[in-house]
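Chain residues, written in single-letter form:
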Amino acid sequence: MINKKTGIFSAILIAVLTLFVFVGCDKENRQETKYVFTVSATEGGTVGGTESGEYYVGTEITVTATSDVGYGFVGWYEGETLIYKNTSYTFEMPERDLTISAVFETLRKAELIVNATEGGTVGGTESGEYYVGTDITVTATPDDGYVFSGWYKGDSPVSKKSSYTFKMSENALTLTAKFENVDLWKGTTAPAFQGGSGTENDPYRIKNGAQLALLSKYCKENNTVFNDKYYVVVKSIDLNGLEWEPINKFYGSFDGNGYVVTNFIIKEISQQTYAGLFGMNYGEIKNLGVTDFTIDVTSPSRMDVGGLCGHNVEGTVTDCYAIGTVKATTTSKENVYVGGLCGYNQGVMSGCHAVADVTIQDDYVNAVIGGLCGAQSGVVKDCYASGNVSVEEISDSAAGNEIVLIYAGGLCGATYRDCRITDSYSSVTVKVNTSLTVTIYAGGLCGYVYQNCVIADCYAVGNVSSTVDVVTEWNNMVGLSSGGLFGYVYGFGEKGCKITDCFATGNVHSITTVTLISVSSSCSIRLDVGGL
């Protein structure tokens, strides 16, 4: 019986081994077998990557298709069968001959007409016929005494930016750059508004710079007669490149009515350290654009600086935008908050955006800078920022032995307890470069996120760069924290931040030449560079 079982087992073993040998040999034979691969292109494009030839089974093949001008790529075909739609196609050589072709089709042209109303000129792409999908860039330049109010398709606005880029559509398109005539401000203050009684149904009407200066005067004098009143702009206002004194401690309702206040500078800060078209806002600002402004302020004390308002205290800012330059320089050991639209937001901002170059320079203990707002402890929704955020070279002279903190973000520099940011994004380049002993938090969306903040449906596509010679400790944390979305997120347990449906695609680059100095035994090191 034993011999019989042994014989049966031996027979099974021989059969299995024979099968393994057969399969192995078959696999080896297949790997050693070459098949013919042929790749070609129809009229209208070329192919690249792996060339036609003989390849072993399993060899990785990558082919690419490039369209000629006036043609579009349809897909990769084997005979009449579509097998792949993207221009780059990677696969393994099959166990057979294979012929594929990149198929292209002729794109049709559509007519573009670009014109302008009285008061300005257009440039960039000229009127003519263009292939569908062609990149088109048009520019608008106002004449003296005029402001650009937007690009229009018929009566519908399509962009408020003077430089507008898009892809040519399948249908004929007529774009019109509209300009408005404005009264250039002479630096004077009007004796009265254009009209109105200040009620919701009959707001004070503001037509020019002199009447806007009257509102600034009343707020500066703390004239309570004009608190909680309603104001409406009835024409775009050109401040003629003159120095503007911010409308400070505003408590009313200001409706820009879709118009812009343009061409102003702020260099001097007198009684307040709040710089912007508005200084501190406790009321409502809506439907207003501020453009072509330069804010370049210097102060030895705390500053809140933004294109539209320095500090949105308890107010609401709705459907507003800022396009210009913001810079703050200080030797203060107090906080400095700088943003493209608002320096510090504690209220509600919705439907707003900033296209600005925002800079902080010199010596500080707490520098908070963002493309939209420097600090945020209120609500931000449906907002975005583009441009540049930078912290420039700082010297050690004024900071002494104090700890220097830098919070830099594409949308907000720092968000504080219980804030909300939803449906917003940043396409800002964030750059911090200093030789000072510092702790840096830099992020594509926010530099620093604090307890109980809710951030949802947001993203960042800008690059983040941080360079520092020496990093130091603060609050038992040490280092240089940089991320594509956030530099650092703080909050644990019930106090933790809630971040959902957010992403970042920008590059992150951080360098420090000395990692740490003066570290206590309880201090932990953070030198973080991350995609989020």
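Residues numbered from 1 in each chain as written. Predicted model: local features only at pLDDT ≥ 70, side-chain atom pairs only at ≥ 80, totals over all residues. Heavy atoms only, no water.

**A short note on unusual backbone geometry**
Backbone phi values are negative for most residues with the exception of glycine, while trans is the configuration of most peptide bonds.
Thinking step 1. Even without being a glycine, Asn240 presents a positive backbone phi close to 65 degrees.
Thinking step 2. Looking at the element boundaries, Asn240 is found in strand β19 (residues 237-243).
Thinking step 3. Overall, the relative accessible area of 29% leaves Asn240 in the partly exposed class.
Thinking step 4. Its identity is not glycine, yet Asp457 carries a phi of approximately 55 degrees, on the positive side.
Thinking step 5. Among the secondary structure elements, Asp457 is positioned in the loop between β43 (454-456) and β44 (459-460). (Helix = DSSP H or I, 4+ residues; strand = E, 2+ residues; numbered from the N terminus. Buried < 20%, exposed > 50% of the residue type's maximum accessible area, 1.4 Å probe, protein only.)

**Focus: the layout of surface pockets**
Thinking step 1. Computed from the structure, the largest pocket encloses a volume of approximately 450 Å³.
Thinking step 2. What lines the largest pocket is a set of 24 residues, among which Pro142, Phe148, Thr262, Thr291 and Asp292 lie closest to the centre.
Thinking step 3. At the level of secondary structure, the elements contributing two or more residues to the lining of the largest pocket comprise β12 (135-142), β13 (146-153), β19, β21 (260-266), β25 (289-299) and β29 (321-330).
Thinking step 4. Among the elements that line the lining of the largest pocket, the one with the most residues is β13, at four residues.
Thinking step 5. For the lining of the largest pocket, a count of residues per class yields ten nonpolar, eight polar and six charged. (1 Å grid on protein atoms, 1.4 Å probe; cavity = no way out; pocket = protein on both sides within 12 Å on 5 of 7 lines; lining within 4 Å. Points joined across faces, edges and corners; volume = space filled by probe spheres on them. Nonpolar A, V, L, I, M, F, W, Y, C, P; charged D, E, K, R; others polar.)

**Examining the sheet that holds β12**
Thinking step 1. Spatial strand order, β10-β12-β15: three strands in an open sheet with antiparallel pairing. Each edge of the open sheet is held by one strand with a lone partner, namely β10 (120-124) and β15 (163-167). Taken over all neighbouring pairs, the strand axes of this sheet differ in orientation by 20 degrees on average, direction set aside.
Thinking step 2. As paired strands, β12 and β15 are joined by five bridges and run antiparallel to one another. Paired with Ile136 across the bridge in β15 is Phe166. (Pairing = 2+ DSSP bridges. Axes fitted to C-alpha atoms, helices over the stretch in contact; angles between N-to-C directions.)

**What about the pairing of strand β26 (residues 303-306)?**
Thinking step 1. Because side chains alternate across β26, one face comprises the buried residues Met303 and Val305, and the other comprises Asp304 and Gly306, equally buried.
Thinking step 2. The pairing of strand β22 (residues 274-275) with β26 spans two bridges and is parallel. In the strand pairing of β26, Tyr274 is matched with Asp304.
Thinking step 3. Looking at chain direction, β26 and strand β30 (residues 335-339) are connected through four bridges and run parallel. Bridged to Met303 within β30 is Val336.

**Here we look at the packing of aromatic side chains**
The relative placement of two aromatic rings is captured by the distance of their centres and the angle of their planes.
Thinking step 1. In this structure the tally under the stated criterion is 35 aromatic pairs.
Thinking step 2. Between Phe250 and Phe254, the ring centres sit 6.4 Å apart and the planes meet at 80 degrees, which makes this aromatic pair edge-to-face.
Thinking step 3. Within the aromatic cluster, the residues linked to one another by ring pairs are Phe193, Tyr204, Tyr218, Phe226, Tyr231, Phe250, Phe254 and Phe278.
Thinking step 4. Sitting over the ring of Tyr131, Lys109 keeps its end group 4.8 Å from the ring centre.
Thinking step 5. Across the ring face of Tyr152, the terminal group of Lys178 is positioned such that the distance to the ring centre comes to 4.2 Å. (Phe/Tyr/Trp six-rings, centres within 6.5 Å; stacked < 30°, edge-to-face > 60°. Lys NZ or Arg CZ within 6 Å of the ring centre and 35° of its normal.)

**Here's the deal with a negative patch on the surface**
Thinking step 1. The grouping of Asp382, Asp423, Asp457 and Asp501 at the surface amounts to a negative patch.
Thinking step 2. The exposure class of Asp423 is partly exposed, given its relative accessible area of 42%. (Patch = residues over 30% accessible without salt bridge, like charges linked within 9 Å, V, L, I, M, F, W, Y side chains within 5 Å. Areas by Shrake-Rupley, 256 points an atom, 1.4 Å probe, with all protein chains shown as cover. Salt bridge = Lys/Arg side-chain N within 4 Å of Asp/Glu carboxyl O. Lys, Arg positive; Asp, Glu negative; His and termini not counted. Charge placed at Lys NZ, Arg CZ, Asp CG, Glu CD.)

**Looking at the side chain of Ser386**
Thinking step 1. Along the chain, Ser386 falls in strand β37 (residues 384-391).
Thinking step 2. Sequence-distant contacts of Ser386, that is, excluding residues within four places in its chain, are made with Lys161, Ala354, Val355, Ala356, Ser427 and Val428. (Contact = heavy atoms within 4.5 Å.)

**So, empty space enclosed by the protein**
Thinking step 1. Using the criterion set out here, one finds two cavities of 30 Å³ or more in the structure.
Thinking step 2. Considered as a void within the structure, the largest cavity measures approximately 40 Å³ in volume.
Thinking step 3. Lining of the largest cavity is provided by Tyr218, Cys219, Asn222, Asn223, Phe226, Asn227 and Lys249.
Thinking step 4. For the lining of the largest cavity, a count of residues per class yields three nonpolar, three polar and one charged.

**Notes on the sheet that holds strand β28 (residues 316-318)**
Thinking step 1. Overall, parallel pairing links the ten strands, which are arranged β17-β18-β20-β24-β28-β32-β36-β40-β43-β49 in an open sheet. Either end of the sheet is taken by a strand with one partner, and the two such strands are β17 (204-206) and β49 (498-500). Strand-to-strand twist in this sheet, taken as the mean axis angle between neighbours without regard to direction, amounts to 10 degrees.
Thinking step 2. Two elements, strand β20 (residues 253-255) and strand β24 (residues 284-286), share three bridges in a ladder whose sense is parallel. The residue of β24 that forms the bridge with Asp255 is Lys286.
Thinking step 3. The sheet strands contacting helix α2 (residues 209-220) are β17, β18 (230-233) and β20, and the helix crosses β17 at an angle near 130 degrees.

**With respect to the confidence of the model for the protein**
Thinking step 1. Taken as a whole, the protein shows an average pLDDT of 84; of its residues, 82% reach a score of 70 or greater.
Thinking step 2. Across the protein, the secondary-structure element scoring lowest on mean pLDDT is strand β52 (residues 524-530), at 37, and the one scoring highest is β20, at 98. (pLDDT = per-residue confidence, 0-100.)

**Structural notes on the pattern of salt bridges**
Thinking step 1. Applying the stated criterion to the full structure yields six salt bridges.
Thinking step 2. Between Glu221 and Lys217 there is a salt bridge, and its shortest N-O distance comes to 3.1 Å.
Thinking step 3. Using a relative accessible area of 47% as the deciding quantity, one classes Glu221 as partly exposed.
Thinking step 4. The class for Lys217 is partly exposed, based on a relative accessible area of 35%.
Thinking step 5. The residue Lys220 makes a salt bridge to Glu245 at a minimum N-O spacing of 3.2 Å.

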